[in-house]
Amino acid sequence: MWAARITSFVLALLAGAFAQAAPPRAEVMHWWTAGGESAAVRALADAYRAAGGVWVDTAVAGSEQARAVAISRVVGGQPPTAALFNTSKQFLDLIDQGLLGTVDAVAVRDGWDRFLPEPILSTIRVRGHYYAAPVSIHMPTWIWYSKAAFSKAGVTKEPATIEELFAALDRLKAAGLIPLAHGGQPWQENVLFRAMLANVGGRDLYLRVIRDRDPRAIQSDGFRKVLLTFKRLKSYVDVGAPGRNWNDATALLITGKAGVQIMGDWVKAEFAVAKQLPERDYGCIVGLSPQSPYIVQGDAFVFPKSENRDVVAAQQLLAHVVTSPRAQVAFSKQKGSIPIGTGFDPATLDPCTRKGLAVMTDPSRVVGNDENYLIPDQNGALSDILTEYWNRNVPVETVQKDIGAALSR
Amino acid sequence: MVNFRRARAYVALLPMAITACVIYFGTTLWSLRVSFSSSRTFPTDNFVGLAQYARLFTDDRWLVSLANLAIYGTLVIVVCLVLGFLLAALIDAQARNEGALRSVFLYPYALSFVATGIIWQWLLNPTNGIQEAARRLGFADFQFDWIVDPDKVIYTVAIAAIWQSCGLVMVILLAGLRGIDPDIWKAARLDGIPAWRVYVSIVRPMLAHSFATATILLLTAVVKLYDIVVAMTQGGPGTASEVPAKYIMDHLFGRANIALASAGSIVLLITVGILLAPILYLRRYSARLAAR
C-alpha cells in the first residue's frame, strides 16, 4: 500500500516535470549599473522575456570587478549562464582552457559574419567558432563640444582638422573657460592618446603600433608627433582634473564651463539625463579628417560551457535575442552605442549615432580598440607609461623606448 | 587530570592551527609557485625562473609603489604615535569633557577607508576644496594643491590616514595611562620633576607594551594600504601615488597576470618580514633582560 502510494506520487512528480518544461532561464552577469546603463539592460531583459525566457540579473559594479567575479565563478564550477566581457582578448584564456561554449548555430543562422564589423568579428570568432554574442558597439574617441561654450568663445565653425581643434582650444582658453574637460585617470588619458593616434597618426600608424606592435613604427617620427600632440593637450586641462570621473568632466560641458571633451559615445546618456540634445546643445565630431579611422569598442556576452541542455538552450536564445534588431535599437537608445546588425530604421536614431553609423559602413575606416589587439597585460603596461608621460616631464624619446619595450613582451 | 586538560586545549586550538597551516602557509607556498611561472589568467606549470621578479624590479611603477609605501608607512606610524600620545596625555591630564573629546577623536576610526578617502579627496581638490574656500575668504594667494602634484600626492594620502588612525592610538595609550599608579605622579611631584619630564622619561617607557600594540596595528594597516588610495587618487596623478597592494590587485584581475601579481606579493611579504624581524628580536631581547 505504502509502496504503491509513494510510486504513484513519484510518477506524478515526474509527469509534472515533463509536462511543463521549464522556460529557458538565464543568469546574466554584467557591470551596467549607471542610470542610462541599467535602463539599457532592462531593454535586453524585456526582449528576453518577450521571447519566453526568464532573465536573472546579476549586476556587479565596475567592469574589472565584474569580470573577475565571472572568471572565479567559471573556475569554481558555478558559472552564470552568460557573462559580459569587452570584445577583446579578455576571454581568450577562458577559450584556451575550454571553459566557454560556442553559439555557432545562432551565429550561422542569423548570419553574424554578414553584418558585424571585422574587428568585432575577429575577437568573437576564434579558430572558426563563435564564442560570444556582441551587444554594443561604442566608439571611444568622439570629440564632443558645448555649443554654448563655443559661442561664448567666438568659435563659429566646427573644427575639421587638428589645427582647427587647437585654434578652438586657444580661443576657449582666452575666453576664460576650461578648454578641454578631462578626467585625470589613466584610462581617460589613454582615450586622449588613442584619439591623437587615430587623428594625427592615421589608420596605418594606428594599426602598425597597436595591432602589429611594430618597433619601427613605435620609433618613427610620425609616432613621436602623435605623442607630442597628446602631451600638448595637457596645457588645455584645468588644475582640478586629476582623479575626476568622466561623467563629471561631461558635466563641465553640460554647464558650459568647459568647451571640449574627448570621450566615448556613452557620454550621450549624460547629456540626455540633463535634457540636452545633439546638434542643438552639443556637437559631436567623429574624426578630424575624411579618412580618420573609426575605432570600434564592443561589449559581448560569453557563455560558460555547460553539459546541461536547458542551460545551453537558454544561452542560444540569449545569443539570438540580444543581437536581434529590435532589442538592439531599444538597447542602443539608452546606452548611447551604435546598434549592431541590420534591419532597423536609421531615422529612429539620433544625429550623432547616424554620423557614426555612416562612417562605420566604410570598412576601410574601421579599426579595433586597443584591447582587441593587446592582451590586458600589455595594455596595462602601455597605460602606465602614457599616464606617467601625461603627468610628469618625461622626454618623448624615453616614452617611445618604454612603449617599445612594453609592447614587445 | 592535567594532561587531559592540556589535550583539550590542543583540540580547541586545532581548527585555528589547520586554518593557519592550510590557508596562510598553503596559499603562500602556492603564490610562490605561481610567481615562478608564466601564468596569465590561470596558473600554468610553465616555469620561467625569476623572470617575473626581474620584470618587477625594472618596472618603474613597482619601484614608485615601494618608495611610496616607505614614505607613507614612516609618516603614518611616527605621526600617529606622537599625536596619539599627545592627545592621550592631554585627555588624561584634563579630565573635563573627557567623554566628548574621546568620541570626537575616535570617530574617524569608525569610518571605512573608502569614506575617509572620498572626504579628503573633496577637501583637497584645488577647485572646490580647502584651497578654493580659503581663496573665497580673501586669501587670494592661498595654495594647497598637493593632491594634484605628483611630488606631494603621497603626503595627502598620509594626512588622511593619520586623521583616521590617530584616534585609535590615543585610545590604546589612554588605557595604558590609566593603568599607571597615581603614586608615581605624587612621588614625581614631591621630587619637583616637571610634568613633561615625567611623561617622556617615566610614563613613556612604562607604556612600552601599549606602544608596541599600536605600532603593530598601524603596521598591518600600512602594508594593506589599498582602499584609501583607490578612493582618493586611484594611484594618480599618473602613477605618483601607486602602492604595492594596488599593483598586485591590478595585475591579479584587470591585467590578468597572476604570476607577476604573485611575485609582487612575495616581495611584499619578504619586505614585511625584514621589517618585523628586528621588532620581534628586540621584544624577545627585552623580555629576556626583564626575566634576568
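Keep in mind the model is a prediction, meaning the values are calculated, not measured.

## Comments concerning the overall build of chain A
Helices and strands together make up the secondary structure of chain A, namely 20 helices and 12 strands. Computed over its C-alpha atoms, the radius of gyration of chain A comes to 24 Å, within 12% of the 22 Å expected for a compact globule of 409 residues. Across its three principal directions, the C-alpha atoms of chain A cover 95 × 45 × 40 Å. Across the 409 residues of chain A, 50% fall into the buried class.

## Looking at the domain arrangement of chain A
Residue and element names in this part refer to chain A. Partitioning chain A into structural domains gives domain 1 (23-139 + 296-357) and domain 2 (142-295 + 367-407). Averaged C-alpha coordinates put domain 1 and domain 2 at centres separated by 28 Å. Of all elements in the fold, only α2 (35-50), α7 (118-124), β11 (294-302) and α17 (351-360) reach the threshold of two or more residues within the side of domain 1 that touches domain 2. In terms of residues, the side of domain 1 that touches domain 2 owes the most to one element, α17, which gives four residues.

## Some details on the pairing of strand β7 (residues 142-146) of chain A
All names here are of chain A. Of all five residues making up β7, five are buried, and the element is well covered by its neighbours. Burial along β7 is two-sided: the face carrying Trp142, Trp144 and Ser146 and the face carrying Ile143 and Tyr145 are both buried. Sheet topology places β7 next to strand β10 (residues 282-285); four bridges connect them, and they run antiparallel. Note on β10: the bridge partner recorded for serine 146 is tyrosine 282.

## Examining α17(A)
Residue and element names in this part refer to chain A. Those residues of α17 that sit buried are Cys352, Thr353 and Gly356. The buried residues of α17 all sit within an arc of 100° when viewed along its axis, so they share a single face. The inward-facing, buried residues of α17 contact α14 (267-273) and β10.

## A few points about the interface of chain B and chain A
Taken together, the 24 residues of chain B in the interface contact 21 residues of chain A. Its residues assigned to classes, the side of chain B that touches chain A comprises eight nonpolar, 11 polar and five charged.

## A word on the pairing of β11(A)
Residue and element names in this part refer to chain A. Taken across its nine residues, β11 has nine buried, putting it largely inside the fold. Side chains Tyr294, Val296, Gly298, Ala300 and Val302 project from β11 onto one buried face, and the interleaved Ile295, Gln297, Asp299 and Phe301 project onto a second face that is buried too. Strand direction decides the pairing type here: strand β3 (residues 82-86) and β11, joined by four bridges, are antiparallel. Each bridged residue has a counterpart across the sheet, and for asparagine 86 the counterpart in β11 is aspartate 299. Note: strand β6 (residues 132-138) against β11, six bridges, orientation antiparallel. Across the sheet, the residue bridging to alanine 133 is phenylalanine 301, located in β11.

## Examining helix α20 (residues 396-407) of chain A
Residues and elements named next belong to chain A. Taking 1.5 Å of rise per residue, 12 residues should cover 16 Å, and α20 covers 16 Å from first to last C-alpha, within 8% of that figure. Val399, Asp402, Ile403, Ala406 and Leu407 are the residues of α20 that are buried. Axial view of α20: buried residues confined to an arc of 120°, hence all on one face. Set apart from the buried face of α20 by more than 90 degrees, the exposed residues are Glu397 and Thr398. Contact partners of the buried residues in α20: α11 (215-218), α12 (221-233) and α19 (376-391).

## Section: the sheet that holds β7(A)
All names here are of chain A. Strand order in the open sheet formed by four strands is β8-β9-β7-β10, and the pairing between neighbours is mixed. Two strands lie at the open edges of the sheet, namely β8 (178-180) and β10, each paired on one side alone. With strand direction ignored, the average angle separating the axes of adjacent strands in the sheet is 20°. Helix α13 (residues 246-254) rests against β7, β8, β9 (258-263) and β10 of the sheet, and its axis sits at about 145° to β9.

## Concerning the nonpolar core
Ranked by size, the top nonpolar core spans 122 residues in total, and within it Ala132(A), Ala133(A), Trp144(A), Phe301(A), Val302(A), Leu318(A) and Val322(A) carry the most contacts. Among the elements that line this core, the one with the most residues is helix α10 (residues 186-211) of chain A, at 12 residues. Inspection of this core shows a minimum of three residues originating in each of domain 1 (23-139 + 296-357) and domain 2 (142-295 + 367-407) of chain A. Apart from the residues within four sequence positions on either side, Ala132(A) is in contact with Phe85(A), Thr87(A), Phe91(A), Ile124(A), Ala300(A), Phe301(A) and Val302(A). Counting residues in hydrophobic clusters, the runner-up holds 51 residues, among them Cys80(B), Leu173(B), Ala261(B) and Ala263(B).

## Brief notes about the packing of α12(A) against α20(A)
Residues and elements named next belong to chain A. It is at 10 Å that the axes of α12 and α20 come closest, and there the two elements cross at 115°. As far as their axial angle goes, α20 and α12 are roughly perpendicular. You can see that α12 and α20 cross each other, and the crossing is right-handed. Of the residues in α20, those in contact with Phe223, Arg224, Leu227 and Leu228 of α12 are Val396, Val399 and Gln400. Of the residues contributing to the contact of α12 with α20, the split by class is five nonpolar, one polar and one charged.

Cut-off values and rules
Residues numbered from 1 in each chain as written. Chains lettered and ligands numbered in written order. Predicted model: local features only at pLDDT ≥ 70, side-chain atom pairs only at ≥ 80, totals over all residues. Helix = DSSP H or I, 4+ residues; strand = E, 2+ residues; numbered from the N terminus. Rg over C-alpha atoms; globule rule 2.2 N^0.38 Å. Buried ≥ 20, exposed ≤ 12 C-beta atoms within 10 Å, placed from the backbone. Domains from an automatic or database assignment. Pairing = 2+ DSSP bridges. Arc of directions from axis to C-beta. Contact = placed C-beta atoms within 7 Å. Nonpolar A, V, L, I, M, F, W, Y, C, P; charged D, E, K, R; others polar. Expected span 1.5 Å × (residues − 1). Axes fitted to C-alpha atoms, helices over the stretch in contact; angles between N-to-C directions. Core = buried A, V, L, I, M, F, W, Y, C linked by C-beta atoms within 7 Å. Parallel < 35°, antiparallel > 145°, perpendicular 65-115°, else oblique. Left-handed = near helix turned anticlockwise from the far one by under 90°.

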